[in-house]
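One-letter residues, chain by chain:
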Amino acid sequence: MTDSTGSAVDVLHTLFRSEQGGHEQVVLCQDRASGLKAVIAIHSTALGPALGGTRFYPYASEEEAVADALNLSRGMSYKNAMAGLDHGGGKAVIIGDPDTVKSEELLLAYGRCVASLGGRYVTACDVGTYVADMDVVARECQWTTGRSPENGGAGDSSVLTAFGVFQGMRASAQHLWGDPTLRGRKVGVAGVGKVGHHLVEHLLEDGAEVVITDVREASVRRLTDRHPQVTAVADTEALIRVEGLDIYAPCALGGALNDESVPVLTATVVCGAANNQLAHPGVEKDLADRGILYAPDYVVNAGGVIQVADELHGFDFDRCRAKAAKIYDTTLAIFARAKSDGIPPAAAADRIAEQRMSEARGR
């Protein structure tokens, strides 16, 4: 049975299906005056208030937006648990093209929606939202992080996100090749926007050979103009087929590892900043079957959430950087657990995160 739009049952099925792990709360927000249409998904508050960013994206349908919010919020529960944070997982999506519909009025209306949850969900930046946007949201909502330093915040969290991914790459290199350096390794970075361009800087400094791609030519040009040694290819399809690629770093939207990309991937390591890189259950086994080492996305990209969580308690960059550096040790521990349990790293990370959340519920 469906409602008049034919979508209600699909949304409810997505919300309650067991493989999602269940969600505590999903809120649909609308403000006709500003055009706001948003979904806030709280997956878990077992470890504390849900924390996760706000994605602003032109979804093809409302159903797609809900599904993305559910997937992303679940991922935040695991990410926050693995990062050792006292926060559960939440995520919000705003439906629309941020280049055309984003406005101060819309962001203020969104802030009121988040505030109505009374602190169960703390928001921050994500794809399509920036520090300046969080400054506006914070005018209506005290449960906002990722703000500018001028407004009491920590600023751009992409800096530590990239640093954490780099630590995950170092751990992958140590595990696979016995040396944590990327010197002489060929690394392909798909998406060189907020996080990707910082990651490229780390890689070049460490002596890696870097190949990039991005749907925005300006983002590519920013790097190739500054670093002529960086090679650009037309698109992700070309990048994953680059001969001699050692590491593939998906740093754009999710679903990069799927039934089409995994069979042709030339890299022996996948370690990137994008959320929800595995398009569906089973892809992690496909990677393992091909001998490709996968560094779980929500583990290695946790530097940003470490930063925005710290902002809630009085931000200290050096303290956050030290915490993000531990992503190296966490990633190595996951590889060791995967080997001992005879399972892919993604499954090993899930087990560790689920154990922490289960222990918190039992307290």
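Residues numbered from 1 in each chain as written. Predicted model: local features only at pLDDT ≥ 70, side-chain atom pairs only at ≥ 80, totals over all residues. Heavy atoms only, no water.

A.B. asks: Could you give an account of the nonpolar core, naming the residues involved and the relevant values?
C.D. replies: Nonpolar side chains in soluble globular proteins tend to be buried together. Within the largest apolar cluster, 40 residues are counted, with the highest numbers of intra-cluster contacts made by Met169, Val189, Leu199, Val200, Leu203, Val210 and Ile212. A total of five residues in this core trace back to one element, the largest contributor, which is helix 6 (residues 158–177). Core analysis: the next-biggest nonpolar cluster, separate from the first, contains 24 residues, Phe56, Leu108, Ala109 and Val136 among them. (Core = buried A, V, L, I, M, F, W, Y, C linked by side-chain atoms within 4.5 Å. Buried < 20%, exposed > 50% of the residue type's maximum accessible area, 1.4 Å probe, protein only. Helix = DSSP H or I, 4+ residues; strand = E, 2+ residues; numbered from the N terminus.)

A.B. asks: Could you give an account of the side chain of Ser44, with specific residues and numbers?
C.D. replies: Considering the arrangement of structural elements, one finds Ser44 in strand 2 (residues 36–44). Of the polar contacts made by the side chain of Ser44, one reaches the backbone nitrogen of Ala46; its length is 3.1 Å. (Polar contact = N/O pair within 3.5 Å; in protein donor to acceptor, adjacent residues only side chain to side chain.)

A.B. asks: Summarise the environment of Pro180; cite the residues concerned and give the values.
C.D. replies: Secondary-structure assignment places Pro180 in the loop between helix 6 and strand 6 (186–190). Placed 12 residues apart in sequence, Pro180 and Gly168 show a C-alpha to C-alpha distance of 9.7 Å. Discounting chain neighbours no more than four positions away, the residues touching Pro180 are Arg170, Ala173, Gln174 and Tyr328. (Contact = heavy atoms within 4.5 Å.)

A.B. asks: I'd like to hear about the pairing of strand 6, residue by residue, with values.
C.D. replies: Within strand 6, five of the five residues are buried, leaving the element largely enclosed by the surrounding structure. In the sheet, strand 6 pairs with strand 7 (residues 209–213) via five bridges, with the strands oriented parallel. Pairing of Ala190 across the sheet is with Thr213, part of strand 7. Viewed along the sheet, the connection from strand 6 through helix 7 (residues 196–205) into strand 7 turns out right-handed. (Pairing = 2+ DSSP bridges. Right-handed = clockwise from strand over helix to strand, strands pointing away.)

A.B. asks: Go over the state of the cysteines with me, naming the residues and quoting the values.
C.D. replies: On inspection of all chains with the given rule, the structure shows zero disulfides. Left unpaired, Cys251 is separated from the closest cysteine sulfur, that of Cys271, by 8.5 Å. According to the relative accessible area criterion, Cys271 is buried, its value standing at 0%. (Disulfide = S-S within 2.5 Å.)

A.B. asks: Lay out the packing of helix 6 against helix 7 with the relevant residues and their values.
C.D. replies: One way to put it is that helix 6 packs onto helix 7 with a least axis distance of 8 Å and a crossing angle of 45 degrees. The orientation of helix 6 with respect to helix 7, classified from their angle, is oblique. Taken as a pair, helix 6 and helix 7 cross one another with a handedness that is right-handed. Note on element contacts: helix 7 touches helix 6 through His198, Leu199, His202 and Leu203, opposite Ser158, Val159, Ala162, Phe163, Val165, Phe166 and Met169. Grouping the constituent residues of the contact of helix 6 with helix 7 by class yields eight nonpolar, three polar and no charged. (Axes fitted to C-alpha atoms, helices over the stretch in contact; angles between N-to-C directions. Parallel < 35°, antiparallel > 145°, perpendicular 65-115°, else oblique. Left-handed = near helix turned anticlockwise from the far one by under 90°. Nonpolar A, V, L, I, M, F, W, Y, C, P; charged D, E, K, R; others polar.)

A.B. asks: Break down unusual backbone geometry for me, citing the residues and quoting the values.
C.D. replies: A positive phi angle, near 50 degrees, is found at Asn276, a position not held by glycine. What makes Asn276 partly exposed here is its relative accessible area of 26%.

A.B. asks: Can you break down the sheet that holds strand 11 (residues 293–294) residue by residue, with the values?
C.D. replies: The parallel open sheet is built from six strands, whose spatial order is 8-7-6-9-10-11. The open sheet terminates on both sides in strands that have one partner only, identified here as strand 8 (231–232) and strand 11. Where strand 6 and strand 9 (residues 247–250) come together, four bridges link them in parallel fashion. Paired with Val187 across the strands is Ile247, a residue of strand 9. On the sheet, helix 8 (residues 217–226) packs against strand 7 and strand 8 and is oriented at approximately 155 degrees with respect to strand 7.

A.B. asks: Can you tell me about the environment of Pro263, naming the residues and giving the values?
C.D. replies: Inspection of the secondary structure assignment puts Pro263 in the loop between strand 9 and strand 10 (269–270). Along the backbone, Pro263 and Leu287 are 24 residues apart, and their C-alpha atoms lie at a distance of 8.5 Å. Discounting chain neighbours no more than four positions away, the residues touching Pro263 are Asn258 and Arg290.

Purely geometric numbers; function is a separate question.
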